[in-house]
Each structure stands twice: as structure tokens, then as C-alpha cells.
Amino acid sequence: MSNQDFHDELRKSVRNICSDYPDEYWRKLDETNSYPEEFVDALSKAGFLAALIPEEYGGSGLSIVEASIIMEEINRSGANAGACHAQMYTMGTLLRHGSEEQKQKYLPKIADGSLRLQAFGVTEPNTGTDTTQLKTTAVRKGDKYIVNGQKVFISRAEYSDLMILLVRTTPLDQVQKKTEGLSVLLVDLKEAVGNGLTIRPIRTMMNHATTELFIEDLEVPVENLIGEEGKGFRYILDGMNAERILIAAECIGDGYWFIDRATKYANERVVFKRPIGQNQGIQFPIAKAYINLEAAALMRDKAAELFTSGKSCGKEANMAKLLCADASWEAANVALQTHGGFGFAEEYDVERKFRETKLYQVAPISTNLILSFVAEHVLGLPRSY
């Protein structure tokens, strides 16, 4: 089977699962601010969330090209991959930097879905994207780390068994470079909650199951340290390109969903005895949004191919995330405008997806930080912050 045939089959398989979870399913979850347990279980059982885990650990052993196709098709179906996307890429820190014992212990269970590694504890309320300044500390005492601090916008913590947690193990004033002294711990959330960890949900404009974490004298076994102590910042950065590419893919899926809905509605909606799609004022914005989406998708493809080849792709991954997020946001606005008043009605689902895709202007990295990265590291302009 050629790559193209395989990718076509993969898209079809993802669509088949998503078809069991129509608009009504997501609408109801949005109304009740509930987590899509059944949907995530179905994806897990089908092996889609284990795409990037090597076969030797029970995964599919696919490349990020295939992983991005899965994410794209989930969102194109009208679903929200944000409910489970971290299961696909967060394990990369464990896979690339964990001990063989850790990988054997956790990866097969993550692959079959019996363990969820959905939570990624980095962001803090007082430091935001200035990660090296984070205040959560871990002090070693015997065979345990004692952790204290606070995290915010930690999504899916209530629906995850494990969490990748970034902490400072060496005080900032005792390191030569501010990127040193940070470490990664693997936290068993079932044991931690009530024993030093408190999870508080944050209500947001979309159903994203995000939380803030309060950590007070939480004990984490030293054996749960991933890689070397003090090297955690590099480990976290190591997985960022994969995250950027997969988020870009979700944005592409959203964009196509908006274009599909806008086109269908513009063909069916008759005003002044003609379909509104006949009017250039309607069709031109849809066409422009489609063109920009197709162009953005090419950058996603380029970044994924470079990543798969083991080549440097920081520039391309960041540019793909920015372009795809901008393209999906343009398509969202076009779809809403095309639907007019009905675009604000829950039953058409446009307003729900509109809220969901807006997130990617801000997370997991804001548009401005990507522009700063390109300006400084690609174009050689002075650092702006």
C-alpha cells in the first residue's frame, strides 16, 4: 500500500469513529461542561492515541505525519481533539528521556489506554511563558522529592492518571544559566490528590477541562524523576515541535469544518430568491479562507516531514502553528458571518467551534511569541524581551 493509500485509509478510519459522536454529542457536553469519556475511550481502543508510541511498547509506531492526520480528522469531524491530544505527544518526554524501566512500566499502559498521561504541568500564574522563572520547587529528602508550588491552565488533570510536572530542583540564584536546575517528575495523580495536590477546575469560554493546581508538601518518589536532575528544561523543549505540529493539524481540521459548513449553508440559504452563496460578498471570503487554509496546511506538511526525518524543524513547526491557527480563525469568522444570526445559535454548532478554535491564537504558545522566535532566531533581529 502506498503512503497516500494508507493515509486515505487512516482518514477514513478516524472519520468512522467520529461519526458515532455527532454534533449533538458535543453540544450536550458543552452545555454540561462535561468530559468526552466515551469518545476518548473509543479513540484509545482503536489505537489512534498511541500513534507515536513505538511498537515495542505496544503503540502503533507511526510518524508525526500520520499523527497529524489523526488530529486533523478529529477536528474536521466537528469533534475536539483538545480533549485527548496530550495523550499523543506528552509521552514523548518519557519516551525520549525516561529510563528503560520507566518506559517498560508506563508506555504499554499508556498505549492501550489503561493509563492516561494527559496532564502537562508547566505554566504558573505568576510566570506564564517565562518558564525558567517558575516557582514550583522540589527538594530531595531521602528517596522522595517534596514539591511545593502552584500551576495554572493545566488541562485534563481531572481526567488523567499521570502528569508530567516541571519543577525547580536548584534555586535560580545557584545556577549559571537560568535554563539549568529545572527537572521533570512523573506524578501519579491518583495518589497525589488529597495528599499534597489539590485540583481546582477553571471555567472557560469553551469546554476544555482546564484546572489550576495547588501543591503543598507533595511527596514524589525519586524514581519518578525523568532523565537527569536539572536538565528538565531541555526535555520539555524537546517535545514542543511535536506539539506545535499536532496543534496546527487540529487547526487545519477546524478550518475545513468551517469551510464545509459555510459552503453548505451558502448553497442552501435563499434570500431575495437566490442562494446567498451566489453573492460575491459571501463567496469571496469563503474562497479566500479556503486558499489560506490550503497554504497553511502545506507548512504543516513540511514541518511534519522534517520532524519525521529527524531534521531541525523549530522554525517550520512554529510557523505552521501560527499559519494554521490564523487560517482556522479566519475560516471561523467567515463561517459565522455566512450563517448570520443562525451562526450564534447553538444548534448550528458554529459558535461552539468558533470558541474552541479561538484558543489556538493563545495556546499552547501565543502568536506573539512565535513572531518573536522567528524575528530573533530566524531573522537575527535583537531579542525583544
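Anything mentioned here points back to the structure above.
Since this is a predicted model, take the numbers as computed values, not measurements.

Procedures and definitions
Numbering of residues starts from 1 in every chain and runs along the sequence as written. For this predicted model, a pLDDT threshold of at least 70 governs which residues receive local features, and a threshold of 80 or more governs which side-chain atom pairs are given and counted, while totals over whole chains, interfaces and linings are taken from all residues. The basis for every side-chain value is the complete set of non-hydrogen atoms in the structure, without hydrogens or water. For helices the rule is a DSSP run of H or I covering at least 4 residues; for strands it is a run of E covering at least 2, with both sets numbered from the N terminus onward. Under the scheme applied here, a residue whose accessible area is under 20% of the maximum for its type counts as buried, over 50% as exposed, and between as partly exposed, the area being computed with a 1.4 Å probe on protein chains only. Note on contacts: a residue pair is in contact if any heavy atoms of the two residues lie within 4.5 Å. Geometry is summarised by axes, namely lines fitted to C-alpha atoms with helices restricted to the contacting stretch, and by angles between N-to-C directions that run from 0 to 180 degrees. By convention, the crossing between two helices is left-handed when the near helix turns anticlockwise from the far helix through less than a right angle, and right-handed when the turn is clockwise. The classification used treats Ala, Val, Leu, Ile, Met, Phe, Trp, Tyr, Cys and Pro as nonpolar, Asp, Glu, Lys and Arg as charged, and all other residues, Gly among them, as polar. We define a nonpolar core as any set of buried Ala, Val, Leu, Ile, Met, Phe, Trp, Tyr and Cys residues linked to one another through side-chain atoms lying within 4.5 Å. Side-chain rings of Phe, Tyr and Trp (the six-membered ring for Trp) are treated as a pair once their centres are within 6.5 Å; stacked means planes under 30 degrees apart, edge-to-face means over 60, and tilted covers the remaining angles. Ring-over charges, as used throughout, are those where CZ of Arg or NZ of Lys falls within 6 Å of the ring centre and within 35 degrees of the ring normal. Using only the protein atoms, space was sampled on a 1 Å grid; points where a 1.4 Å probe fits but cannot get out form cavities, open sets with protein on both sides within 12 Å along at least five of seven lines form pockets, and lining residues are those with an atom within 4 Å of a point. Grid points are joined across faces, edges and corners, and a volume is the space filled by probe spheres set on the points. Two strands form a pair only when DSSP identifies at least two bridges running between them. Here a salt bridge means any side-chain nitrogen of Lys or Arg lying within 4 Å of a carboxyl oxygen belonging to Asp or Glu.

**Details of the overall build of the chain**
Okay, so step 1: Along the chain, the regular secondary structure elements total 14 helices and 10 strands.
Okay, so step 2: Along the three orthogonal principal directions, the C-alpha set of the chain runs to about 80 × 50 × 45 Å.
Okay, so step 3: By the burial criterion, 54% of the 385 residues in the chain qualify as buried.
Okay, so step 4: In the chain, the share of contacts with a sequence separation of at least 24, taken over all contacts with a separation of at least 6, comes to 73%.

**Re the packing of helix H1 (residues 3–18) against helix H4 (residues 64–76)**
Okay, so step 1: Viewed as axis vectors pointing N to C, H1 and H4 meet at an angle of 35°, and their least axial separation amounts to 9 Å. Between H1 and H4 lies a crossing of right-handed hand. Contacts between H1 and H4 pair Phe6, His7, Leu10, Arg11, Val14, Arg15 and Cys18 from the former with Val65, Glu66, Ile69, Ile70, Glu72, Glu73 and Ile74 from the latter.
Okay, so step 2: Its residues assigned to classes, the contact of H1 with H4 comprises 8 nonpolar, 1 polar and 5 charged.

**A word on the nonpolar core**
Okay, so step 1: Grouped together as the largest cluster of nonpolar side chains are 96 residues, with contacts concentrated most on Phe39, Ile70, Met71, Ile74 and Ile110.
Okay, so step 2: It is helix H10 (residues 240–268) that provides the largest number of residues to this core, a total of 16 residues.
Okay, so step 3: Once residues lying within four places of it in the same chain are set aside, the contact partners of Met71 are Leu49, Ala81, His85, Met88, Leu246, Ala249 and Glu250.

**Things to note about the packing of aromatic side chains**
Any two aromatic rings considered together are summarised by their centre-to-centre distance and by the angle between their planes.
Okay, so step 1: Across all of its chains, the model carries 10 aromatic pairs by this definition.
Okay, so step 2: An aromatic cluster is built from Tyr21, Tyr25, Trp26 and Phe39, whose rings are joined through pairwise contacts.
Okay, so step 3: Over the aromatic face of Trp257 sits the side chain of Lys353, whose NZ or CZ is 5.8 Å from the ring centroid.

**Examining unusual backbone geometry**
Okay, so step 1: For the peptide bond that leads from Ala363 to Pro364, omega is -5°, which places it in the cis range.
Okay, so step 2: Along the chain, the position of Pro364 falls in the loop between helix H13 (350–358) and helix H14 (367–378).
Okay, so step 3: Of note in this structure, Phe153 is not a glycine but carries a positive phi near 60°.
Okay, so step 4: Positive phi, close to 50°, is recorded for Ala209, a residue that is not glycine.
Okay, so step 5: If you trace the backbone, Ala209 turns up in the loop between strand E6 (197–202) and strand E7 (210–221).

**Comments concerning the environment of Glu356**
Okay, so step 1: One can find Glu356 in helix H13.
Okay, so step 2: Of the residues examined, Glu356 reaches a relative accessible area of 7% and is grouped as buried.
Okay, so step 3: As for Glu356 and Asp161, which are separated by 195 residues in sequence, their C-alpha atoms are 25 Å apart.
Okay, so step 4: Contact partners of Glu356, with chain neighbours within four places excluded, come to Ala79, Asn80 and Met206.

**Some points on the layout of surface pockets**
Think of a ball as big as a water molecule: rolled over the atoms, this probe shows where empty space is left.
Okay, so step 1: What the second largest pocket holds in volume is close to 310 Å³.
Okay, so step 2: Lining the second largest pocket are 19 residues, and of these Val187, Asp188, Glu191, Pro221 and Asn224 sit closest to its centre.
Okay, so step 3: Counting only elements with at least two residues in the lining of the second largest pocket, the list comes to helix H7 (100–112), strand E5 (182–188), helix H8 (189–192) and E7.
Okay, so step 4: At 4 residues, the largest contribution of residues to the lining of the second largest pocket is made by E7.

**Considering the environment of Leu166**
Okay, so step 1: Tracing the backbone through its elements, the reader meets Leu166 in strand E4 (residues 162–168).
Okay, so step 2: Distance from Leu166 to Leu134, taken between C-alpha atoms, is 8.7 Å for residues 32 residues apart in sequence.
Okay, so step 3: Sequence-distant contacts of Leu166, defined by excluding residues within four places in its chain, comprise Gly121, Val122, Thr131, Leu134, Lys151, Leu182, Ser183, Val184, Gly232, Phe233 and Ile236.

**Let's talk about the pairing of strand E2 (residues 137–141)**
Okay, so step 1: Across 5 bridges, the pairing between E2 and strand E3 (residues 144–155) is antiparallel. Counterpart to Arg140 in the pairing with E3 is Tyr145.
Okay, so step 2: Between E2 and E3, which follow one another and run antiparallel, lie 2 residues, and Gly142 among them has a positive phi close to 65°.

**Some thoughts on empty space enclosed by the protein**
Okay, so step 1: Taken as a whole, this structure holds 2 cavities of 30 Å³ or more when the rule is applied.
Okay, so step 2: Computed from the structure, the largest cavity encloses a volume of approximately 140 Å³.
Okay, so step 3: Forming the boundary of the largest cavity are 15 residues, of which Trp26, Pro36, Asn80, Ala83 and Asn207 lie nearest the centre.
Okay, so step 4: Listed by contribution, the elements that provide at least two residues to the lining of the largest cavity are helix H2 (23–32) and H13.
Okay, so step 5: The element contributing the most residues to the lining of the largest cavity is H2, with 3 residues.
Okay, so step 6: Here the residues of the lining of the largest cavity are counted per class, giving 6 nonpolar, 5 polar and 4 charged.

**Looking at the pattern of salt bridges**
Proximity of charged atoms lets side chains of opposite charge pair with each other.
Okay, so step 1: Inspection of the entire model under this criterion finds 27 salt bridges.
Okay, so step 2: For Arg261, the salt bridge is made with Asp23, and the minimal N-O distance between the two is 2.8 Å. Of this pair, Arg261 sits in helix H10 while Asp23 is found in helix H2, placing the two residues 238 residues apart along the sequence.
Okay, so step 3: For Arg261, a relative accessible area of 25% corresponds to the partly exposed category.
Okay, so step 4: In this structure, the salt-bridge partner of Asp301 is Arg300, at a minimum N-O distance of 2.9 Å.

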